[in-house]
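Understanding the architecture of this molecule
Spelled out, the chains give:
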Amino acid sequence: MSMLKRRGLMYVLSSPSGAGKTTITRALLKNNQDLTASISATTRQRRAGEVHGQDYFFVDTNKFREMVDNREMLEHAKVFDNYYGTPKGPVEEALSNGKDVIFDIDWQGTQQLFELAAEDLVRVFILPPSRMALEKRLRDRSKDTLETEEQIRGRMSKAADEMSHYTEYDYVIINEDIDKAITQAQLILDSERLKRRRLAGLSEFVRGLKDGL
Ligand code: 5GP
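To keep things clear, this report deals only with the structure shown in the data block. (Residues numbered from 1 in each chain as written. Predicted model: local features only at pLDDT ≥ 70, side-chain atom pairs only at ≥ 80, totals over all residues. Heavy atoms only, no water.)

Scanning the model with the defined rule gives 14 salt bridges in all. The salt bridge partner of Asp104 is Lys21, with a shortest N-O separation of 3.1 Å. Within this pair, whereas Asp104 is found in strand S8 (residues 100-104), its partner Lys21 is found in helix H1 (residues 21-31), the two being separated by 83 residues in sequence. Across the salt bridge formed by Glu119 and Arg197, the nearest N and O atoms sit 3.6 Å from each other. With Glu119 in the loop between helix H4 (107-117) and strand S9 (121-127) and Arg197 in the loop between helix H7 (178-193) and strand S11 (199-200), this pair connects stretches of sequence that are 78 residues apart. With relative accessibility at 39%, the residue Arg197 sits in the partly exposed group. (Salt bridge = Lys/Arg side-chain N within 4 Å of Asp/Glu carboxyl O. Helix = DSSP H or I, 4+ residues; strand = E, 2+ residues; numbered from the N terminus. Buried < 20%, exposed > 50% of the residue type's maximum accessible area, 1.4 Å probe, protein only.)

Take a look at the structure:
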C-alpha cells in the first residue's frame, strides 16, 4: 500500500454520553500514528482534569460567535446548553498532510459534515449494551461531578434523544466489551482506508503492473 497515496478520511464517532466513546477514541489515536483528533471549541465550563488545547479550546460565547461569523468553523451546534464547534484550519491541514481525522461530535455536527464532505466521511455510532449499563455509567460518572438527580435524569433523556439518530450513521458498535469495541472501531478504520475511491494513483499503479506482462 505504501506505493499509493490515499485521500485522508474523516472518522466521526458519536454516541450518548456514557457509551465509551472517549475510551475508543483514545485507543484509536494511540494505535494509529496517522490519525489525528479534531479538537473542538466549546463555551462549556472546563471540567476537572481537562486541558485547554488538548481536550477542547475553551472559549467564551463572544469568541465562539466570532469564529462562526468568520467562517472558521467546519460545523457547529448547541449541545445541552452550550455551543460546540469544529475549527476548520487544523482539519484541513491534517487532511492535506495525508492524515485521517477523528471527530467526537454529536449528530447535528455529523449531519453538517455530511453535507460538506459526504465522500470523505465515515460515521460510526456507539451504543451501550443495555439501558441499565448506560444508567450505571452515567451514575458512576456523576459521582465525580457531584451531579444532582435532576441533572442525571436530564443526561438520560439527552441520551435517549441522541440515540434516536443512530440511523444516520454508516456503522453501529454495541459496546458490551470495550476491547471488542476498540477492535471493531479499528476494523472499520482499516476497511475504509482500503476503499478504492480513497486510493490515489491506483489506475497508474495497475497500468504499471500490466505493462510488464
Ligand atoms: P461534553 O461536553 O460531554 O464533552 O460533550 C457533549 C457532547 O458534545 C458530546 O456528544 C460531544 O460529542 C459533542 N461535541 C463535542 N464537540 C463537538 C463539536 O465540535 N461539534 C458538535 N456538533 N458536537 C460536539
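Next comes the rest of the account.
As a packed pair, H1 and H7 sit with axes 10 Å apart at the nearest point and diverge in direction by 55°. Taken as axis vectors, H1 and H7 run oblique relative to one another. The handedness of the crossing between H1 and H7 is right-handed. On H7, the residues that touch Thr23, Ile24, Ala27, Leu28 and Asn31 of H1 are Ile178, Ala181, Ile182, Ala185 and Gln186. Along the lines of polarity and charge, the residues of the contact of H1 with H7 split into seven nonpolar, three polar and no charged. (Axes fitted to C-alpha atoms, helices over the stretch in contact; angles between N-to-C directions. Parallel < 35°, antiparallel > 145°, perpendicular 65-115°, else oblique. Left-handed = near helix turned anticlockwise from the far one by under 90°. Contact = heavy atoms within 4.5 Å. Nonpolar A, V, L, I, M, F, W, Y, C, P; charged D, E, K, R; others polar.)

A cluster of nonpolar side chains, contributed by Met3, Phe205, Val206 and Leu209, occupies part of the molecular surface with about 360 Å² of accessible area. Summarising the element assignment, Phe205 is placed in helix H8 (residues 202-211). (Patch = residues over 30% accessible without salt bridge, like charges linked within 9 Å, V, L, I, M, F, W, Y side chains within 5 Å. Areas by Shrake-Rupley, 256 points an atom, 1.4 Å probe, with all protein chains shown as cover.)

Further remarks concern the sheet that holds strand S4 (residues 41-42). Ordered by their spatial adjacency, four strands build an open sheet running S5-S4-S7-S6, and the pairing between neighbours is mixed. A strand with exactly one partner marks an edge of an open sheet, and here the two such strands are strand S5 (57-58) and strand S6 (73-79). Both S4 and S5 contribute to a ladder of two bridges, which runs parallel. Residue Thr42 lies in a different strand from S5, and its bridge partner there is Phe58. In the packing of helix H3 (residues 88-96) onto the sheet, the strands contacted are S6 and strand S7 (82-87), and the crossing angle to S7 comes to about 30°. (Pairing = 2+ DSSP bridges.)

A word on the environment of Arg141. In this structure, Arg141 sits in helix H5 (residues 131-145). Spatially, the C-alpha atom of Arg141 lies 30 Å from that of Met73, the residues being 68 residues apart in sequence. With near-sequence residues (within four places) excluded, Arg141 lies in contact with Ser17 and Gly18.

Counting buried positions over the seven residues of S6 gives five, a clear majority of the element. Here six bridges tie S6 to S7, and the two strands are oriented antiparallel to one another. The partner of Glu75 across the bridge, within S7, is Thr86. What sits between the antiparallel neighbours S6 and S7 is a turn of two residues, in which Phe80 has the positive phi angle 50°.

With respect to spatial proximity, 16 residues lie near the ligand, and among them Ser40, Arg44, Tyr56, Tyr84 and Asp104 are the closest. At 3.1 Å, a side-chain N or O of Lys21 approaches an oxygen atom of the ligand. One of the backbone N or O atoms of Gly85 is found 3.2 Å from an oxygen atom in the ligand. A total of 510 Å² of accessible area belongs to the ligand in isolation, and the protein chains cover 92% of it. Listed by contribution, the elements that provide at least two residues to the shell around the ligand are S6 and S7. Tallied by class, the residues present in the shell around the ligand amount to six nonpolar, four polar and six charged. (Near = heavy atom within 4 Å. Polar contact = N/O pair within 3.5 Å; in protein donor to acceptor, adjacent residues only side chain to side chain.)

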